[in-house]
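Structure assessment
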Amino acid sequence: YILINEYYNPSPVTVEYRGNKNKMFKRDFAGEVLDLFDDLRLVDYGFVYHRDNYFPSDDGTWFLLKKK
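As the structure is a computational prediction, the values presented were derived from the model and not from experiment.

1. Digging into the pairing of strand 2 (residues 13-17)
As defined by bridge partners, strand 2 adjoins strand 3 (residues 20-26) across four bridges and the pair is classed as antiparallel. The residue bridging Tyr17 from the neighbouring strand is Asn20, located in strand 3. In sequence, strand 2 turns back onto strand 3 through a hairpin of two residues, with Arg18 there showing a positive phi of about 50 degrees.

2. Points about the pattern of salt bridges
In the structure shown here, the tally under the stated rule is two salt bridges. Across the pair Asp39 and Lys67 runs a salt bridge whose closest N-O atoms are separated by 3.9 Å. Taken together, the positions of Asp39 in the loop between helix 1 (29-36) and strand 4 (40-48) and Lys67 in strand 5 (residues 60-67) put the pair 28 residues apart, joining distant regions of the chain. A relative accessible area of 31% means that Asp39 is categorised as partly exposed.

3. Considering the sheet that holds strand 4
Across the sheet, three strands lie side by side as 1-5-4; this open sheet has antiparallel pairing. This sheet does not close on itself; its edge strands, each paired only once, are strand 1 (2-6) and strand 4. Across the sheet, the mean angle from the axis of one strand to that of its neighbour is 20 degrees, orientation sign disregarded. Pairing analysis gives eight bridges linking strand 4 to strand 5, with the strands arranged antiparallel. What sits directly across from Arg41, in strand 5, is Lys66. Strands in contact with helix 1 are strand 1, strand 4 and strand 5; relative to strand 1, the strand with the most contacts, it is inclined by about 145 degrees.

Thresholds, definitions, all that
Residues numbered from 1 in each chain as written. Predicted model: local features only at pLDDT ≥ 70, side-chain atom pairs only at ≥ 80, totals over all residues. Heavy atoms only, no water. Pairing = 2+ DSSP bridges. Helix = DSSP H or I, 4+ residues; strand = E, 2+ residues; numbered from the N terminus. Salt bridge = Lys/Arg side-chain N within 4 Å of Asp/Glu carboxyl O. Buried < 20%, exposed > 50% of the residue type's maximum accessible area, 1.4 Å probe, protein only. Axes fitted to C-alpha atoms, helices over the stretch in contact; angles between N-to-C directions. Contact = heavy atoms within 4.5 Å.

What follows is the structure, given as structure tokens:
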């Protein structure tokens, strides 16, 4: 299994991180990995929301991949 937790964006963008440039990116990492490796499949995915009353976090998307 591979778990990817990312700041998703359909096209790559750079985000300033703690005053640093070119250190943090938003993109479709999971899609790029799936395109590169034919033996992986998407098992599940979800979204973490910063306003969740039980598990507040940054807004992020997660993808669970599995080797066929």
